[in-house]
Amino acid sequence: MRWMWIDTIVTYEPDKRLVAIKNVSLAEEHLHEHFPATATLPAQPVMPASLMIEGMAQTAGILVGSLRRFKEKVVLAKIQRAEINADVIPGQCIRYDARIERIDPMGAGTSGTIQRMDHRTGQWEKIGETEIMFSHVDQNMSGLAFPEHNFVFSDSFRNVLRSSGLGHLMD
Amino acid sequence: MAISRAEIEEKVTDVLENALGADRDDIIATATLTEDLGAESIDFLDIQFQLEKKFSTPEKAFKIEQGELFPENMMSNPDFVKDGKFTDAGMAVLQERMPHVDVSVFASDRNVKGLAKIFTVKSLCDFIDIKLKK
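Criteria and thresholds
- Residues numbered from 1 in each chain as written.
- Chains lettered and ligands numbered in written order.
- Predicted model: local features only at pLDDT ≥ 70, side-chain atom pairs only at ≥ 80, totals over all residues.
- Heavy atoms only, no water.
- Axes fitted to C-alpha atoms, helices over the stretch in contact; angles between N-to-C directions.
- Helix = DSSP H or I, 4+ residues; strand = E, 2+ residues; numbered from the N terminus.
- Parallel < 35°, antiparallel > 145°, perpendicular 65-115°, else oblique.
- Left-handed = near helix turned anticlockwise from the far one by under 90°.
- Contact = heavy atoms within 4.5 Å.
- Nonpolar A, V, L, I, M, F, W, Y, C, P; charged D, E, K, R; others polar.
- Salt bridge = Lys/Arg side-chain N within 4 Å of Asp/Glu carboxyl O.
- Buried < 20%, exposed > 50% of the residue type's maximum accessible area, 1.4 Å probe, protein only.
- Pairing = 2+ DSSP bridges.

Asker: Sorry, what's going on with the packing of helix α1 (residues 5–20) of chain B against helix α4 (residues 121–133) of chain B here?
Answerer: When two helices pack together, their arrangement is given by the angle between their axes and by how far apart the axes lie. Residue and element names in this part refer to chain B. The interhelical angle for the contact between α1 and α4, taken along N-to-C directions, is 125 degrees, at an axis separation of 10 Å. One way to sum up the angle between α1 and α4 is to call them oblique. α1 and α4 meet at a crossing whose hand is right-handed. Two secondary-structure elements touch here, α1 through Arg5, Ile8, Glu9, Val12 and Leu16 and α4 through Val121, Lys122, Leu124, Cys125, Asp126, Ile128, Asp129 and Leu132. By residue class, the composition of the contact of α1 with α4 is eight nonpolar, no polar and five charged.

Asker: Is there a simple way to think about the packing of α1(B) against helix α2 (residues 41–55) of chain B in this case?
Answerer: All names here are of chain B. In the contact formed by α1 and α2, the axes pass within 9 Å of each other and the chain directions differ by 140 degrees. Viewed along their axes, α1 and α2 adopt a mutual orientation that is oblique. When the axes of α1 and α2 are compared, the crossing they make is right-handed. Of the residues in α2, those touching α1 at Ile8, Lys11, Val12, Asp14, Val15, Leu16, Asn18, Ala19 and Leu20 are Asp43, Asp46, Ile47, Gln50, Leu51, Lys54 and Phe55. Considering only residue class, the contact of α1 with α2 consists of nine nonpolar, two polar and five charged.

Asker: Whenever I open this one, the pattern of salt bridges confuses me. Can you help?
Answerer: Where charged atoms from two side chains of opposite charge come close, those side chains can pair. The tally for this structure, following the rule as stated, stands at 25 salt bridges over all chains. Between B:Glu52 and A:Arg102 there is a salt bridge whose closest N-O contact spans 2.3 Å. With B:Glu52 in helix α2 and A:Arg102 in strand β4 (residues 93–104), this pair bridges two chains. For the salt bridge of B:Arg5 with B:Glu9, the shortest nitrogen-to-oxygen distance reads 3.2 Å. Taken together, the residues B:Arg5 and B:Glu9, both in helix α1 and four residues apart, mark about one turn of the helix. The partly exposed category is assigned to B:Arg5, whose relative accessible area is 27%.

Asker: Looking at this structure, how should I read the pairing of strand β6 (residues 124–136) of chain A?
Answerer: Here is the key point about a regular strand: its side chains alternate between the two faces of the sheet. All names here are of chain A. As paired elements, strand β3 (residues 74–84) and β6 share nine bridges and run antiparallel to each other. By the bridge assignment for β6, Leu76 is matched with Phe134. By the bridge criterion, eleven bridges tie strand β5 (residues 107–117) to β6 in an arrangement that is antiparallel. Note that in β6 the partner of Gly109 across the bridge is Met133. Count of turn residues in the β5/β6 antiparallel hairpin: six residues, of which Gly122 carries a positive phi of about 70 degrees.

Take it as geometry only, folks, not as evidence of what the structure does.
Here it is as structure tokens:
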């Protein structure tokens, strides 16, 4: 089971853009450790920024993988830039908006914006930006060999695509 | 208007500082991308993408084709690389395709691992210079 950090895909523009949503819930155990109560402070559950970057990486990774119908193994190769300026708390939604900047047989460059939405206002607010590079591992310059099967786009990814009405992309 | 060598060097330095997190003082002409500036294999693609962005203008896109700047598409070709070493054909193609590098630096052992040594800050600037003049 792969730990998925997006719940659904809401927009897909082939070869260009993919937008995914993550609903942050207090039922997620990791929020209770980030940050627990101390002797002087109450618990402050906030979505870890590192996991938001992973959510964006999954969003952008699906977009890059979709370019060749998930036939290639696409892995996160480099986070060139990541900036997150505000917390996301349980009950809020995160929107990951990923775009292709450059694609090459060796890999791809993406840009992304991260937004949050509070249900009390219903307004989306930009809270961060990313620049993430992906590598097509079968074409890596170091000559390393990887397994034949596509271990990147596993059942977890298929399930998200199917439930978002995009299952045909992996057929 | 043609871009000067000094402008090319300034822009290449910007790219390497950004892509590798290298100190500007360390980005000198003879510095190798891997040993001196700490580049890893994925950084080469990052450098390529950033150079394209840096040298593109509203009038003309600056596009670097695969294998034009770095020889990544030669590695998996057994005619060019065998047992981790460049063949005669590989060396010939390398020199022909890449006038911006001095392949004689690793001509004695031809080991692909030595390839990294031929990519210096100067070789990147030469590549841009040659390509812009085409």
